[in-house]
Amino acid sequence: MPLSHELKDRITKDYFLRYATKRAALMPALWMAQQEHGWLSRETVEEVAELLDMHPTDVAAVASFYVMFNHRPVGKKIVEVCENPSCVINGATETLHRICERLGIPAGAHHGGATTADGEFTVRPTECVAACDKAPVIQVNSRYYGPVPPDKVDEFLADMEKFNVEGLPAANDLEGRAKHLRREVR
Amino acid sequence: MIATAPPNMVTLTIDGAEVTVPAGTLVVEAAREAGIDVPVFCYHPKLSLAGACRMCVCEIGMPPPPGQPARPPALLTSCTTRVTPGMVVNTMASGALKARESVIEFLLINHPLDCPVCDAGGECPLQDNSHAWGPKESRFAEEKRLARKGAPLSPLVVLDQERCIVCYRCTRFMAEIPGEAELDFFNRGYSSELRTINDEAMQSRFQGNIIDLCPCGALTSETYRFRARPHDLDHADSVCAQCPVGCNIVLDSRANIMARVRPRQNESVNEIWLCDKGRFAHHYVSSPERLTQPLVMGDDGELRAASWPEALGTAAVRLQQIKEQYGPRAIGVIGGRNLANEDCYALARFAREALETPNIDHRAGARTAAANPLAAHGLDAFNSTYGAVESAGAVVLLGTDVYEEMPVFWLRIRKAVMFGAKLIVANPRATEADRLALHRLRYRPGAELSVLRGLLAALVESPPHEHAPPPAEGGEGAPPPPRDLSGLRQALGGVTVEDAARESGVMAETLRAVAATLAGAKNPLIYAGARLVIRADAAGLAAALVNLGGALGDRRAVNFFTEGANGRGAELAGLVPDEGGLSAGEIIAQAAEGKIKALYLAGENVLATHPDAEQARRALENAELVVMQELFVTETARHADIVFSATSLPEKEGTLTNAEGRVQRMHSGVRNEAEGRPDWSIVSELSAEMGVPLGYAAAVEVTRDLLADLPAYAPLAGCTIPSEGVIAREHAAEESAEPSAVQWAPLTPGPSPTGARPLTPSPSPTRGEGNEGAAPSAPTPPLPAWERGPGGGGLILVTYSELLGDETMVRPTTELLMMVPEPYVELNRSDAARLGLKDGQFAEVSTHKGGVVHRVRVNGRCPEGVCFVPDNVGEPRVNVLLDWESPATVVQVRPAPESVGVAAGVPGTAGAVAAEGR
Ligand code: SF4
Ligand code: SF4
Ligand code: FES
Ligand code: FES
């Protein structure tokens with residue numbers, strides 16, 4: 001699916017004017033493209049490259065530097081378990097393990113994460129999200145949830161059913177994301 | 001002493017010695033200047049600064065600002081720090097040594113240290129620097145990181161990720177020099193990996209250079225891997241034999257077999273770069289397919305091996321017979337553009353003195369006798385140097401796909417554009433150069449003259465101003481007067497920009513915009529494609545180009561490219577038709593008619609290169625005698641009566657002359673172990689056999705003779721050829737630096753001296769008749785497709801050679817052959833839709849002469865009504881479609897019936913053809 005005209009307009013009419021080179025608009029362009037599509041497909045990368053006069057390899061390489069860019073399709077809810085010391089000391093490793101087990105995701109599916117077959121959840125570890133007071137902390141679609149020690153995992157998952165994902169629409173709710181983007185443009 | 005430094009110079013102290021260098025110099029370069037080598041990895045003088053490896057740290061101190069206490073010196077990377085007055089650099093400070101030692105220790109933590117099986121071993125900066133600056137031992141006892149080994153980045157370049165020290169030389173090269181950022185680091189830190197998007201094979205024609213740049217064995221050459229050690233190799237300085245750029249190379253051979261080709265630095269020609277054809281296509285030299293001894297046609301019509309005396313004797317007797325029976329004009333000599341100067345000169349002498357024929361030419365397919373159409377205007381075919389483009393304010397590329405035609409020169413044009421030169425690309429099909437162009441002129445195939453006349457008319461409308469210092473601030477000083485172009489107005493005879501726009505298909509506003517860009521540019525340079533030289537309207541094009549140069553301030557702005565490794569050398573050595581002689585194209589045309597009885601072909605495969613394969617075949621069949629000098633039994637050689645086994649350029653001693661006219665020396669890299677002889681020697685012996693000894697026993701004797709004898713090289717008399725080569729034109733002391741006085745060339749192309757049909761079948765009435773030098777009629781090429789519009793059926797065929805084709809010199813390098821595109825016909829989207837063709841399907845392209853079936857590429861490169869087929873790939877070649885009698889070719893394109901079967905593997909193809917085939 002191609003990028004929306006709104007997005008392209010915003011890049012060319014707004015961001016291009018802010019920087020000396022087109023290339024400099026790459027990060028906002030990628031971020032907005034991900035908001036629209038949920039992830040950065042080969043097609044999206046090529047479109048961004050064309051818009052910015054870059055080689056697709058160049059775009060893909062920049063995107064690969066950042067873990068917050070999704071390089072494959074993601075679920076509606078992205079569940080990120082912090083794997084840094086405060087959280088690990090409080091049992092994050094086991095929390096992550098249990099979440100994967102309950103959702104039927106092969107444990108240890110690290111770096112890049114893994115998505116449930118029904119496309120509901122993507123689970124992945126993350127670096128410190130600066131909420132050590134809630135350790136072990138989880139982020140659901142960029143919202144904090146916690147603490148979730150291993151024995152609270154079932155409670156957390158039950159809660160997830162009605163977890164209010166305010167702000168960001170679900171990662172793969174494309175229509176919602178497009179609307180959200182339009183709101184931001186205003 | 002600082003005060004005494006000349007302006008723009010900076011004096012600093014490096015390791016206790018005072019050094020004065022231009023302001024802006026990097027400390028690492030200033031140290032080199034002083035004879036001190038600071039070790040580096042990521043720094044490279046041809047690339048942008050990265051500061052990525054920290055190997056070059058030095059202790060650098062600055063004098064304190066007045067009134068402030070001195071600060072202790074700091075450890076700074078000398079490759080990113082520029083000199084300042086009074087700076088004190090200590091390259092061997094204990095802190096710097098310690099830091100370098102640590103850098104090496106860190107680099108080696110994850111380096112596999114597999115030097116014993118690494119190609120770079122023995123010529124590896126990482127090895128050398130570790131030895132010189134590294135710690136004696138590693139303290140790292142943990143497990144090393146594992147990563148991709150032997151991973152192909154393309155059929156040519158192999159990556160060993162474990163060895164990579166992440167210096168970004170390769171990625172910077174790709175992004176900055178050819179501007180093809182198709183290689184980059186993915187992920188980060190410890191996980192950094194060199195990749196292409198989706199691990200697709202690299203496409204660039206310059207990727208071999210990253211192997212040279214890599215400071216370790218991370219990037220290796222697929223064709224050289226595991227084949228030799230540097231100390232096994234013999235080296236010979238030579239010149240690339242693959243195109244007219246004339247890049248300087250070193251031939252590395254092991255046990256008399258070519259191992260690899262490396263660039264040799266020549267800042268005037270290739271700097272330190274090579275294209276992949278020049279670098280990788282050398283396996284033909286040692287190919288088992290090479291002709292090992294002369295062949296003579298037996299009574300049974302089969303070629304069989306013969307001794308040299310037999311072959312020479314037979315050839316001499318039969319050439320003599322033809323000469324006596326039909327007269328010398330019944331002999332045609334074609335070849336030379338891929339031979340050395342010595343071969344060309346000896347061949348020209350042989351043709352004139354022994355065969356006594358005026359029918360001599362090196363330009364396959366040429367329609368006119370003038371090998372240099374600019375000679376009529378007192379100019380060389382190329383009037384600047386490659387280097388001059390770097391100071392050009394504007395660059396015009398007319399009728400050339402320079403990336404494919406002159407690859408390494410394209411890198412220099414690109415550099416000029418990066419420095420701010422304005423690029424104007426005029427070509428019937430979009431080229432790589434278009435990406436950087438300020439103006440792109442897509443004209444009707446064959447309408448170059450109309451484009452030029454349009455630019456001239458636009459300049460006459462608003463003439464450029466004479467060059468003068470810009471008026472001082474405040475409006476003082478009158479602006480320089482506009483240049484007087486009244487003579488040009490006369491010569492144009494009333495042709496308007498609108499007329500030219502109509503004829504060429506380029507919009508009038510575009511022509512005016514280009515003229516304005518050119519008028520405002522300092523030192524514009526104009527480059528015209530090699531194929532324009534051999535066209536019937538070459539003289540008219542030359543006149544228009546000279547006028548364009550003149551209107552912009554200097555007629556010498558005009559430069560024609562040439563074809564073949566030594567096209568320019570062959571031209572200057574006299575392999576050109578004599579007064580009344582036939583051009584190469586005409587020789588074949590007349591041989592097909594049975595008027596030329598004997599063909600002498602020196603390294604020219606006319607069946608593939610004459611723009612009418614059927615006619616070339618008839619020529620070979622109808623000629624009573626065909627004598628060839630060849631490396632391989634080409635399809636043409638199969639029709640020959642006598643084939644002499646020649647030696648290849650990398651085996652030769654001698655000289656080559658590149659497109660800019662630079663004479664360069666080459667030395668033999670490998671010996672021919674079979675019975676191959678250099679071409680100059682073949683013709684001298686044949687000549688002697690015919691009673692006209694040329695008297696050459698060694699290549700140097702021919703070199704001496706040709707430099708002394710040929711007028712083009714007269715300024716070089718008595719000078720030795722320096723290692724960077726020499727251009728006679730530049731060498732001539734009497735050459736005035738001033739632009740020559742403006743003389744407007746009459747724009748009427750004279751009647752074609754050769755009787756070849758001009759491009760225009762029926763000239764329209766001339767405007768301004770009676771005027772001296774009146775403008776000619778519009779030479780509008782026949783354009784049925786354009787005129788009839790979509791639905792008219794035919795498409796105009798554009799064809800030229802791309803850099804990589806499946807040619808005899810490429811085929812033995814299988815890795816390079818994988819980079820050669822599958823034969824294709826390129827269509828515009830709307831034509832493809834009209835013809836019911838989709839990308840990836842097969843189409844039959846045909847004329848009354850014949851047809852080829854090629855894969856269709858649908859894109860926006862050709863305008864509507866035009867299609868493109870490269871002429872150096874595929875069997876048969878596209879020249880089976882061409883008709884020598886009609887210079888413009890209109891082809892029919894239709895879905896190929898066999899594509900249903902052939903393209904079954906292409907998704908979505910087979911059904912589409914069945915449904916849409918007509
Ligand atoms: S592959 Fe070689 S040139 Fe490229 S970054 Fe690694 S070490 Fe440097
Ligand atoms: S640009 Fe031409 S001369 Fe230079 S390496 Fe390539 S083929 Fe050889
Ligand atoms: S370590 Fe988990 S939020 Fe900081
Ligand atoms: S050479 Fe200076 S930082 Fe790499």
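Residues numbered from 1 in each chain as written. Chains lettered and ligands numbered in written order. Predicted model: local features only at pLDDT ≥ 70, side-chain atom pairs only at ≥ 80, totals over all residues. Heavy atoms only, no water.

*Asks:* I'd love a proper account of the overall build of chain A, names of residues and values included.
*Replies:* Secondary structure summary: chain A contains eight helices and five strands in total. Walking chain A from its N terminus toward its C terminus, one meets helices and strands in the order α-α-α-α-β-α-α-β-β-β-β-α-α. Within chain A, buried positions represent 48% of all 186 residues. Expressed as a percentage of contacts within chain A between residues at least 6 apart in sequence, the contacts between residues at least 24 apart total 65%. Summed over all atoms, the accessible surface of chain A reaches about 9,600 Å², with 53% contributed by carbon and sulfur. (Helix = DSSP H or I, 4+ residues; strand = E, 2+ residues; numbered from the N terminus. Buried < 20%, exposed > 50% of the residue type's maximum accessible area, 1.4 Å probe, protein only. Contact = heavy atoms within 4.5 Å. Areas by Shrake-Rupley, 256 points an atom, 1.4 Å probe, with all protein chains shown as cover.)

*Asks:* Hey, could you go over the sheet that holds strand β28 (residues 726-727) of chain B for me, with residue numbers and the actual values?
*Replies:* All names here are of chain B. If you trace the three strands from one edge of the open sheet to the other, you get β26-β27-β28, paired in antiparallel fashion. Since the sheet does not close on itself, it has two edges, and those belong to β26 (654-657) and β28, each with one partner. The pairing of β26 with strand β27 (residues 662-666) spans four bridges and is classified as antiparallel. Bridge pairing in β27 links G654 to M666. Sheet strands touched by helix α8 (residues 341-355): β26 and β27. Its angle to β26, the strand with the most contacts, is close to 90°. (Pairing = 2+ DSSP bridges. Axes fitted to C-alpha atoms, helices over the stretch in contact; angles between N-to-C directions.)

*Asks:* Outline the confidence of the model for chain A, listing residues and values.
*Replies:* Parts of the model with low pLDDT should not have their predicted coordinates read in detail. The predicted model of chain A has a mean per-residue pLDDT of 85, with 83% of residues at 70 or higher. Per-element averaging of pLDDT across chain A places helix α8 (residues 174-185) of chain A at the bottom with 55 and helix α5 (residues 85-89) of chain A at the top with 96. (pLDDT = per-residue confidence, 0-100.)

*Asks:* Got a sec to walk through the pairing of strand β3 (residues 121-126) of chain A? Specific residues and values, please.
*Replies:* Residues in a regular strand project their side chains so that they alternate between the two faces of the sheet. All names here are of chain A. Counting buried positions along β3 yields six of six residues, so the element is predominantly enclosed. Of the two faces of β3, the one holding F121, V123 and P125 and the one holding T122, R124 and T126 are both buried throughout. As paired elements, strand β1 (residues 77-82) and β3 share six bridges and run parallel to each other. Bridge pairing in β3 places K77 opposite F121. Bridge count for strand β2 (residues 114-115) against β3 is two bridges, and the pairing is antiparallel.

*Asks:* I'd like to hear about the domain arrangement of chain B, residue by residue, with values.
*Replies:* Residues and elements named next belong to chain B. Its domain assignment divides chain B into domain 1 (9-92), domain 2 (295-364 + 566-650 + 678-734), domain 3 (375-465 + 483-560) and domain 4 (785-903). Taking only C-alpha atoms into account, the centre of domain 3 sits 28 Å from that of domain 4. Each side of the interface is counted separately: domain 3 has 13 residues, and domain 4 has 17 residues. Taken together, both faces of the contact between domain 3 and domain 4 bury some 1,300 Å²; the carbon and sulfur share is 54%. Seen at the junction of domain 3 and domain 4, the total is three salt bridges. A salt bridge links R531 to D871, with the nearest nitrogen and oxygen atoms 3.0 Å apart. Inspection of the region where domain 3 meets domain 4 yields eight residue pairs in polar contact (both at pLDDT 80 or more). (Domains from an automatic or database assignment. Buried area = accessible area lost by both parts, 1.4 Å probe. Salt bridge = Lys/Arg side-chain N within 4 Å of Asp/Glu carboxyl O. Polar contact = N/O pair within 3.5 Å; in protein donor to acceptor, adjacent residues only side chain to side chain.)

*Asks:* Could you give an account of empty space enclosed by the protein, naming the residues involved and the relevant values?
*Replies:* Residue and element names in this part refer to chain B. Under the criterion given, the structure shown has six cavities of 30 Å³ or more. For the largest cavity, the calculated volume is near 140 Å³. Along the walls of the largest cavity sit 18 residues, with H362, R363, V533, T562 and E563 positioned nearest its centre. Looking at the lining of the largest cavity, the elements that each hand over two or more residues are α15 (530-533) and α17 (567-572). (1 Å grid on protein atoms, 1.4 Å probe; cavity = no way out; pocket = protein on both sides within 12 Å on 5 of 7 lines; lining within 4 Å. Points joined across faces, edges and corners; volume = space filled by probe spheres on them.)

*Asks:* Describe the pattern of salt bridges, naming the residues involved and giving the relevant values.
*Replies:* Residues and elements named next belong to chain B. Under the definition given, this model contains 72 salt bridges over all chains. Ionic pairing is found between R877 and D806, a salt bridge with its closest N-O pair at 2.8 Å. On the criterion of sequence distance, the pair formed by R877 in the loop between β33 (866-868) and β34 (890-895) and D806 in the loop between β29 (795-798) and α25 (814-817) is long-range, its members being 71 residues apart. By relative accessible area, which is 11% here, R877 ends up buried. Classification of D806 as partly exposed rests on a relative accessible area of 21%. Salt bridges linked by common partners bring K46, E267, E271, E390, R412 and K415 together as one network.

*Asks:* Give me the lowdown on the confidence of the model for chain B, citing residues and values where you can.
*Replies:* With 90% of its residues at a pLDDT of 70 or more, chain B shows a mean pLDDT of 90. Every residue in residues 749-791 of chain B is under pLDDT 50, and counting partners more than four places away or in other chains gives 85 contacts.

*Asks:* Go over the environment of C170 of chain B, please, and point to the residues and values.
*Replies:* Residues and elements named next belong to chain B. Position of C170 among the secondary structure elements: in helix α4 (residues 169-176). The exposure class assigned to C170 is buried, which follows from its relative accessible area of 9%. For the pair C170 and G805, spaced 635 residues apart in sequence, the C-alpha separation works out to 26 Å. Here C170 is in contact with L183, L194, I210 and L219, once residues within four sequence places are set aside.

*Asks:* Tell me about the nonpolar core, residues and numbers included.
*Replies:* Ranked by internal contacts, the top residues of the largest apolar core, which has 202 residues, are F350, I413, L423, Y600 and F644 of chain B. Each residue touching F350 of chain B, except ones within four places of it in the same chain, is listed here: L319, L355, Y600, V683, L686, S687, M690 and L694 of chain B. Ranked by size, the runner-up nonpolar core spans 25 residues in total, among them L26, A49, L51 and A60 of chain A. (Core = buried A, V, L, I, M, F, W, Y, C linked by side-chain atoms within 4.5 Å.)

*Asks:* Mind laying out a nonpolar patch on the surface, listing which residues take part and the relevant values?
*Replies:* Residues and elements named next belong to chain A. Together, M27, F65 and Y66 line one region of the surface with nonpolar side chains, adding up to about 250 Å² of accessible area. Structurally, the position occupied by Y66 is in the loop between α4 (56-65) and β1. Assessed through its relative accessible area of 33%, Y66 is described here as partly exposed. (Patch = residues over 30% accessible without salt bridge, like charges linked within 9 Å, V, L, I, M, F, W, Y side chains within 5 Å.)

*Asks:* Describe the interface of chain A and chain B, naming the residues involved and giving the relevant values.
*Replies:* A common way to express how large an interface is: the accessible area buried when the components associate. On the side of chain B, 13 residues touch chain A, which itself brings 11 residues to the contact. The largest share of the area that chain A buries against chain B comes from R42, T57 and F65 of chain A, three residues that together contribute 48% of it. Taken together, chain A and chain B are joined by one salt bridge. The salt bridge partner of R42 of chain A is E200 of chain B, with a shortest N-O separation of 2.2 Å. On inspection of chain A and its partner chain B, the count reaches six residue pairs in polar contact (both at pLDDT 80 or more). The set of elements that each furnish at least two residues to the side of chain A that touches chain B consists of α3 (42-52) and α4 of chain A. Looking at the side of chain A that touches chain B element by element, the count peaks at seven residues for α4 of chain A.

*Asks:* Residues and numbers for the site of ligand 2, please.
*Replies:* Every residue lining ligand 2 is accounted for by C240, Q242, C243, V245, G246, C247, L274, C275, G278, P407 and V408 of chain B. When grouped by side-chain class, the residues that make up the shell around ligand 2 number eight nonpolar, three polar and no charged. (Near = heavy atom within 4 Å. Nonpolar A, V, L, I, M, F, W, Y, C, P; charged D, E, K, R; others polar.)

*Asks:* Break down the sheet that holds strand β7 (residues 157-159) of chain B for me, citing the residues and quoting the values.
*Replies:* Residues and elements named next belong to chain B. Judged by pairing direction, the sheet is antiparallel, and its three strands sit side by side in the order β6-β7-β10 without closing on themselves. Sheet topology places β6 (151-152) and β10 (219-221) at the edges, where each strand pairs with a single neighbour. Note that β6 and β7 share two bridges and pair antiparallel. Bridge pairing in β7 links P152 to V158.

*Asks:* Just give me the short version of the environment of A74 of chain B, but keep the residues and values in it.
*Replies:* All names here are of chain B. Inspection of the secondary structure assignment puts A74 in strand β4 (residues 74-77). Spatially, the C-alpha atom of A74 lies 9.2 Å from that of G95, the residues being 21 residues apart in sequence. Beyond its immediate stretch of four places on either side in the chain, A74 contacts C58, E59 and I60.

*Asks:* Tell me about the packing of aromatic side chains, and name the residues and values.
*Replies:* As enumerated under the stated definition, the model contains 18 aromatic pairs over all chains in all. Aromatic pair W31 of chain A and F69 of chain A: ring centres 6.0 Å apart, planes at 55°, arrangement tilted. In this pair, W31 of chain A is assigned in helix α2 (residues 26-37) and F69 of chain A in the loop between α4 and β1, connecting sequence segments 38 residues apart. Centre to centre, the rings of Y800 of chain B and F868 of chain B are 4.7 Å apart; their planes meet at 50°, and the pair counts as tilted. In this pair, Y800 of chain B is assigned in the loop between β29 and α25 and F868 of chain B in strand β33, connecting sequence segments 68 residues apart. Members of the aromatic cluster, each reached through a chain of ring pairs, are F382, Y386, F409, Y527 and F561 of chain B. A cation sits over an aromatic face here: R260 of chain B above Y224 of chain B, 4.5 Å from the ring centre. Geometry around Y824 of chain B places R857 of chain B over its ring, the cationic atom sitting 3.6 Å from the centre. (Phe/Tyr/Trp six-rings, centres within 6.5 Å; stacked < 30°, edge-to-face > 60°. Lys NZ or Arg CZ within 6 Å of the ring centre and 35° of its normal.)

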